[in-house]
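# Descriptive structure summary
Residue strings, one per chain:
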Amino acid sequence: MGSRIKMFSCFPYFSEGVVVKGFGRGSKELGIPTANYPENVVEHLPKEVEGGVYFGWANVDNGPVHKMVMSIGYNPYYHNKMKTMETHIMHDFKKDFYGSMLKTVMLGYVRPMLDFKSLDELIEAIQSDIKEADKQLEKPEFKQYQNDSFFFSNEQRSR
């Protein structure tokens, strides 16, 4: 998979917005919590960003920057009617952070949005996406974005 990482001319793509309640499936059904962007952030995605799974970096309320994978699209397994941007931050948060400011930078594309025959198959694919993101984000060309000034408030930048 690693050699087929697809790049888009809009990368790095930076997004920020308030975390909103999604469908409640990430944590409960999948055991893989996600933070969802509101519609106005999703609507501003560049046209070339097609449905699929992406990797990059994320932080919440100007906190530490962690690796992330993001699902963009209609999630065929669940037959969503609305396009979503669902971010799984590769960190164990102790509580929900609805209403917090989420910042992400997308750096690469892992795979297209797919349908799955079972929930287990979907979970297996997501776990594989997480492993791929983890591997890609160790590469210097991607790792450098972990310290991008975008993630830090003006107060933090001046320290």
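Let me begin by describing the structure that accompanies this report. Note that the coordinates shown come from a computational prediction; the quantities given were computed from them, not determined experimentally. (Residues numbered from 1 in each chain as written. Predicted model: local features only at pLDDT ≥ 70, side-chain atom pairs only at ≥ 80, totals over all residues. Heavy atoms only, no water.)

## Description of the environment of Ile32
Assignment of secondary structure puts Ile32 in the loop between α1 (25–28) and β2 (35–36). A C-alpha to C-alpha distance of 9.4 Å links Ile32 and Met90, two positions 58 residues apart in sequence. (Helix = DSSP H or I, 4+ residues; strand = E, 2+ residues; numbered from the N terminus.)

## Details of a negative patch on the surface
A surface patch of negative charge is lined by Asp115, Asp120, Glu121 and Glu124. Along the chain, Asp120 turns up in helix α3 (residues 119–136). (Patch = residues over 30% accessible without salt bridge, like charges linked within 9 Å, V, L, I, M, F, W, Y side chains within 5 Å. Areas by Shrake-Rupley, 256 points an atom, 1.4 Å probe, with all protein chains shown as cover. Salt bridge = Lys/Arg side-chain N within 4 Å of Asp/Glu carboxyl O. Lys, Arg positive; Asp, Glu negative; His and termini not counted. Charge placed at Lys NZ, Arg CZ, Asp CG, Glu CD.)

## Overview of the pattern of salt bridges
The final tally for this structure, using the stated rule, is six salt bridges. A salt bridge links Lys67 to Asp134; its shortest N-O distance comes to 2.5 Å. Of this pair, Lys67 sits in strand β4 (residues 66–73) while Asp134 sits in helix α3, and the two are 67 residues apart along the sequence. Notably, a salt bridge pairs Glu138 with Lys67, separated by 2.5 Å at the nearest N-O pair.

That is the geometry; function is a separate question.
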